[in-house]
Amino acid sequence: MLEGIAPQSNFGWFALLSSISSALLYNEIRLQRRLTCPPLVYCQNTPMMQKIRNLLSHDSKGTKHSKQSFLARDIKPSLFIGTRGTVASIAAYLLHGISHYQHYSFREIMTMTDGATVAIDWLVPYPKYTSSIDLRICEKQLKANILYGPIDLPVVMILHGINNDTGFGYMKSLMNSVADRGWIACGMNFRGCGGQKLSTPRGYNAAYTGDLRTVIQKIETRLKKNAGECTPIFLVGNSLGANLITKYLGEEGFSGTLPKCIKGGISLGNPLRINSGNVKFPFNVLLGAGVKRTVLQSWKAFRDMSSCLHFGNAIRQVMLSKTIGELDDAFAPYLIRNDPQHPFTTRVGYTDGEDYWRDASSNRYIQHVTVPLLILSALDDFLVVNPALQSLSRCLENPNVLVVKTKCGGHLGWQEAPAEGYGIGKSWAHDATCDFIDAALQMTANGKEYKARENVNVIESLYASKHFQSKL
């Protein structure tokens, strides 16, 4: 049947394949143009948010609505990858970006209050010297400054997502972006992750903020202090890590115990409302398989409790579960947790999966956040788009929260096209994260405090929304 229409020569095949390739490329370029637009921005009209939005809506020369500014410029997704949410998400796990500078990296092992250990991966920028006679600092001294203090550069703590660690592409890319700005990147692996064996039968989950709290307390003692002020710390979370940093900020804010060194947070791909039972196929199966792999890797730690009949039955149910929702329901009675109020006492167990998901949902705590918080998500994020949109009103109840939504980006992707030519550029979200931190640092350096006003109206970025909505 194809004999009559198939090309009869090599040149014919070349012409046919060229035509098909040109059509596909033309289609892709049209899709890229349709997706290219600035983000949609929501926040309250408070003095603090006005200041932050002004800083993020100007380029380095102060030109308003410049194409180089974070909130105003178009996000142009890379061809074939950034234009598709699922592909962008896969690329985020694989591509670690390019750093233009050399940095010093090392690992530190910290012990938690219950005896568990977590691995902290540090990425420290080398000092810049203006003269050949300046005293050089060796790597040994750089490491000693981090481990024992004083730390005099801003520290950016970065948390990964479920079934991941600091070795994944998006974590390396973000840590490199932070270090390139001259700040210290601190990648926190959850217990049992990053090659560090689980030393207790209690793994990490989406609700327990005790490990994050302990790590912050340890780092806080090493910060350089001057006239009552200390080196700032910023928290950045990805996916499950984003939920944890938001929950932590809300818990500490409600109790009035947030350390003074915490100056802001960035939440990337945060579901806000946790309910593993609503995760669609095949992602519910893939996430469940990842957790079961972690259980098998840490089997020695779990084996110590397998003599307990109920725990042994739970392990069997976990290994037989098909989805992440079924797995959470089986594990819920044995998950580590903490009270949401000071002194945040550690406890164990939930009634069932629903009880665990309710406690883990950071949208219940976000109204108590007392520092600037950027919440960034994409409308083609197959994992969190629905719960994130449903939690938008709760986010906007807090005058300290800036919500930014993009038309494309997938889950933790946001790969942009290079400024010139074709290919895969840096993650737009990682540049946005660093710009937000820089704006918060500028506000701190100016010594100005902006207090939230009550009963202020929620506004959205008009110059973004008109362009955004016109391309939906």
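As the structure is a prediction and not an experimental result, all values here were calculated from the model. (Residues numbered from 1 in each chain as written. Predicted model: local features only at pLDDT ≥ 70, side-chain atom pairs only at ≥ 80, totals over all residues. Heavy atoms only, no water.)

Draft legend 1. Fine view of the side chain of Thr323. By the element assignment, Thr323 lies in the loop between helix H10 (309–320) and helix H11 (324–331). By relative accessible area, Thr323 is classed as buried at 18%. With sequence-adjacent residues up to four places away left out, Thr323 is seen in contact with Asn284, Val285 and Gly288. (Helix = DSSP H or I, 4+ residues; strand = E, 2+ residues; numbered from the N terminus. Buried < 20%, exposed > 50% of the residue type's maximum accessible area, 1.4 Å probe, protein only. Contact = heavy atoms within 4.5 Å.)

Draft legend 2. Geometry of the pairing of strand S13 (residues 401–406). Most of S13 is tucked away, with six of its six residues classed as buried. Of the two faces of S13, both are covered, the one formed by Val401, Val403 and Lys405 as well as the one formed by Leu402, Val404 and Thr406. Examined bridge by bridge, strand S1 (residues 40–44) and S13 share three bridges and lie antiparallel to one another. Pairing of Val41 across the sheet is with Val404, part of S13. Alignment of strand S12 (residues 373–378) against S13, held across six bridges, turns out to be parallel. By the bridge assignment for S13, Leu376 is matched with Val404. (Pairing = 2+ DSSP bridges.)

Draft legend 3. Structural context of the packing of H11 against helix H12 (residues 353–360). Put simply, H11 and H12 touch, their axes get as near as 7 Å, and they point 100° apart. Classified by the angle between their axes, H11 and H12 sit roughly perpendicular to one another. For the pair formed by H11 and H12, the contact residues are Gly325, Asp328 and Asp329 on the first element and Gly353, Tyr356 and Trp357 on the second. Split into classes, the residues belonging to the contact of H11 with H12 amount to two nonpolar, two polar and two charged. (Axes fitted to C-alpha atoms, helices over the stretch in contact; angles between N-to-C directions. Parallel < 35°, antiparallel > 145°, perpendicular 65-115°, else oblique. Nonpolar A, V, L, I, M, F, W, Y, C, P; charged D, E, K, R; others polar.)

Draft legend 4. Geometry of helix H7 (residues 240–255). Between its first and last C-alpha atoms H7 spans 23 Å; for 16 residues at 1.5 Å apiece the expected length is 22 Å, and the two agree. Downstream of H7 by a residue or two, Gly256 has a phi angle that is positive, lying close to 70°. (Expected span 1.5 Å × (residues − 1).)

Draft legend 5. How the structure looks around the nonpolar core. Ranked by size, the top nonpolar core spans 71 residues in total, and within it Trp122, Met157 and Ile219 carry the most contacts. Counting residues per element, this core draws most heavily on H7, at five residues. Excluding anything up to four places from it in sequence, Trp122 contacts Tyr104, Ser105, Phe106, Glu108, Ile146, Val155, Ile184, Ala185, Cys186, Ile219 and Arg222. By size, the runner-up hydrophobic cluster in this structure holds 42 residues, among which are Ile75, Phe234, Ala378 and Leu402. (Core = buried A, V, L, I, M, F, W, Y, C linked by side-chain atoms within 4.5 Å.)

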